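# Secondary and tertiary structure notes
Listed below, chain by chain, are the residues.
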Amino acid sequence: MNNIKRTIVNENLSGKRLFITGCTGFLGKVLLEKIIRSISDVADIYLLVRGNAKYKTGKERFNAEIATSSVFNRLKAEDIEAFELFCEHKIHVVTGELTEPKFGLTESDFSALSRKVDVIVNSAASVNFREELDKALKINTLCLENIVALSRQGGDLPVVQVSTCFVHGLNQGEIHEGVLAPANINFPRDDQGVYLIDTVVGKLQSKIARLAKKKLNEHEHKDALIQLGIEQSNRYGWNDTYTFTKWMGEQLLIEKLQGKSLSILRPSVIESTLNEPVPGWIEGVKVADAVIFAYSRGKIAYFPADPKGIIDIVPADIVANGVILAMTKLFVSPGEINIYQSCSRGSEQPTTSQLVNFLIEEAQHNHKSYPKLFKNKKPSKTFNLVSKHLFGSIVKVIDVSLNTTHRVKSLFGFESEKTTFHKNISTALQLSTVFSFYGFPTYRFRNDKLLSLAEELGELGAGEFQVDPSSIDWKGYFGKTHIAGIEQYALKETKVYSLNKGQKRRKREAA
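Reading the values: rules and limits
Each chain has its residues counted from 1, following the order in which its sequence is written. Reporting in this predicted model follows two pLDDT cut-offs: at least 70 for local features of residues, and 80 or more for side-chain atom pairs to be given and counted; totals over whole chains, interfaces and linings ignore these cut-offs and use all residues. Side-chain metrics in this entry use all non-hydrogen atoms of the structure; hydrogen atoms and water are not considered. By definition, any uninterrupted DSSP run of H or I lasting at least four residues is a helix, any uninterrupted run of E lasting at least two residues is a strand, and each is numbered from the N terminus. Take the number of residues in a helix, subtract one, and multiply by 1.5 Å to get its expected span. Note on exposure labels: buried denotes an accessible area under 20% of the residue type's maximum, exposed denotes more than 50%, and partly exposed covers the range between, all computed with a 1.4 Å probe on protein chains only. For the purposes of these results, a polar contact is taken to be a pair of N or O atoms within 3.5 Å, where, inside protein, one atom must be able to donate a hydrogen and its partner to accept one; residues adjacent in sequence count only when each atom of the pair is a side-chain atom. In what follows, a contact means two residues having at least one pair of non-hydrogen atoms within 4.5 Å. Criterion used throughout: strands pair if DSSP finds at least two bridges between them. Axes here mean lines fitted to C-alpha atoms, for a helix over just the part in contact, with angles spanning 0 to 180 degrees between N-to-C directions. In this scheme Phe, Tyr and Trp rings, the latter by its six-membered ring, pair at centre separations within 6.5 Å, and the angle between planes marks the pair as stacked below 30 degrees, edge-to-face above 60, and tilted otherwise. To sit over a ring, a charge needs its Lys NZ or Arg CZ within 6 Å of the ring centre and within 35 degrees of the ring normal. As a per-residue measure, pLDDT tells how confident the predictor is, with possible values from 0 to 100.

## Some words on helix α9 (residues 218-236)
Under the 1.5 Å per step criterion, the end-to-end length of α9 is 27 Å for 19 residues, consistent within 8% with the ideal 27 Å. Inspection of α9 places Leu225, Ile226, Leu228, Gly229, Ile230, Gln232, Ser233 and Tyr236 among the buried residues, and these make up the whole buried set. At the N-terminal boundary of α9, the capping side chain belongs to Asn217, with an oxygen 3.1 Å from the backbone nitrogen of His219. Of the residues trailing α9, Gly237 is marked for its positive phi of about 120°.

## Here's the deal with the side chain of Ser344
Tracing the backbone shows Ser344 in the loop between β11 (337-342) and α13 (352-366). Judged by relative accessible area, which is 2%, Ser344 ranks as buried. Not counting the four nearest positions on each side in its chain, Ser344 is found in contact with Asp312, Ile313, Gln349, Pro469 and Trp474.

## Quick word on the sheet that holds strand β4 (residues 119-122)
Reading across from one edge, β3-β2-β1-β4-β5-β7-β11 is the order of the seven strands in this open sheet, with parallel pairing throughout. Lying at the two open borders of the sheet, with one neighbouring strand each, are β3 (91-95) and β11. The mean angle between the axes of side-by-side strands here comes to 20°, regardless of whether they run parallel or antiparallel. With three bridges joining them, β4 and strand β5 (residues 159-162) adopt parallel strand pairing. By the bridge assignment for β5, Asn122 is matched with Gln161. Relative to the sheet, helix α10 (residues 241-256) contacts β5, β7 (262-267) and β11, its axis offset from that of β7 by approximately 165°. The strands that helix α17 (residues 448-456) touches are β7 and β11; relative to β11, the one it contacts most, it runs at about 105°.

## Quick word on the packing of aromatic side chains
Summed over the entire model, instances satisfying the criterion amount to 24 aromatic pairs. Taking 5.1 Å as the distance between ring centres and 90° as the angle between the ring planes, the aromatic pair formed by Phe166 and Phe445 counts as edge-to-face. Taken together, the positions of Phe166 in the loop between β5 and β6 (173-175) and Phe445 in strand β13 (residues 443-445) put the pair 279 residues apart, joining distant regions of the chain. Like Phe166, the residue Phe445 is buried in the burial classification. By the ring-pair criterion, three or more aromatic residues cluster together here, those being Phe129, Phe166, Tyr242, Phe437, Tyr438, Tyr443 and Phe445. A cation over a ring is seen here: Arg189 above Tyr195, with NZ or CZ 4.2 Å from the ring centre.

## Thoughts on the environment of Thr95
By the element assignment, Thr95 lies in strand β3. With a relative accessible area of 39%, Thr95 lands in the partly exposed category. Considered as a pair, Thr95 and Lys56 are 39 residues apart in the sequence and their alpha carbons are 8.9 Å apart. Apart from the residues within four sequence positions on either side, Thr95 is in contact with Val49, Gly51, Lys56, Thr57, Gly58, Lys59 and Leu105.

## Remarks on the pairing of β11
A large share of β11 lies buried, amounting to five of its six residues. In this structure, β7 lies alongside β11, joined through six bridges in parallel fashion. Within the sheet, the bridge partner assigned to Pro267 lies in β11 and is Ser342.

## Focus on the confidence of the model for the protein chain
Low-confidence regions, as indicated by low pLDDT, have predicted coordinates that should not be scrutinised in detail. In this model, the protein chain carries an average pLDDT of 88, and 86% of its residues clear a pLDDT of 70 or more. Note that residues 400-422 has pLDDT below 50 and, in this model, 16 contacts with residues that lie over four places away or in other chains. When the criterion is pLDDT under 50, residues 493-511 qualifies, and its contacts beyond four places in sequence or with other chains add up to 25 contacts.

Here's what the structure looks like:
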């Protein structure tokens, strides 16, 4: 933390005051760790953290859910006192709600916050592909009005927005780092060609309001909102509600921050870290992990995916570095709007079939090294990737048969609980619904602008903030590092670590 290399990144971010959202999430934690470790001479970091039922204030939640994370183990091992001093003096937790006007702060507190920061980084999002439409709109689109308001209140503070490569929707072919037109319906645009989302948002909100007037119970209402989100997303040219609302969020920022400083960083499928802070760090189960779990737990021997398709995966540390470079660009070239994509283009991108083979090979030779993932059982030697139609037909036939058996048994008073096999089939159906779009890619993401930015900032090659995926050994990463990361981190219960211990220790030492 103390031996900082003087680079263009450090020179521009040294002494800066950062406002970051989304640090309770996977990418947010990796980003925060990297900033603390490699740009520790930032002046301050303000984190927006929502309180919850367990932790009433953002500070309490930070101490319990963020500072305790194993992502910081390297920093603690290298210099625990420096880490704790950083958290004490440079991290300031703002208790607030991203979707509430002014984050739920008072006018005076919101104004004061705007005077305390130099740059805004929004990495918060709902990444649920089947989110209720009203929630997805609030979290991925409308809450960005608060980001714009904070920027304006602070005298046009520069903004970094973390989006997703998948805002391309149903567009096919080469996906470049620019604004993409909807695939199905023409959106209104202004004289500069900027997409205007207000009319569409108004129509969506009217549909949501009409649903609320129907006499539906809580479960029915939630399902109706999910279905409405999927229907409207498909209508406008997107596969799911997540990517549709993220695209609209981009357009809102581009419209409201015209002539200001805005960087949009779009990652592809974010998975475990490649190198930093340690290889394989991950939190939770991500998109591509659906294949790993379907295979490792023997839920079903088939999965819907194109064997020759490229599922674009990018390690989380590469994405975090991309966010930092995009932030640096705001100070190097103020007054610009730039879009960058963090993806695996430029590496020897493996096909889905190759990824599965890496997984199977490792499992066959070393499944005992992953007792939690494979449940101490050697998995099958094969795992079949099939078409969406074939997979859906097979699973639905089995599901209908099992449901019929379940209903008949219930009718005659027998045990009505669904069998494990039945639950596995239901899981497979859910996975296929969510994953099928991503398992049959008809697009290829480009990252030319991000690589050019890395070169401009002196980070291409052996830099501190690597964004170039060309050095990734996919067999070693997906077949070893990533699987080991799932075993060690994703399937491991969190242990609580208290910063107070370090504070008390320093007080004892001072005494």
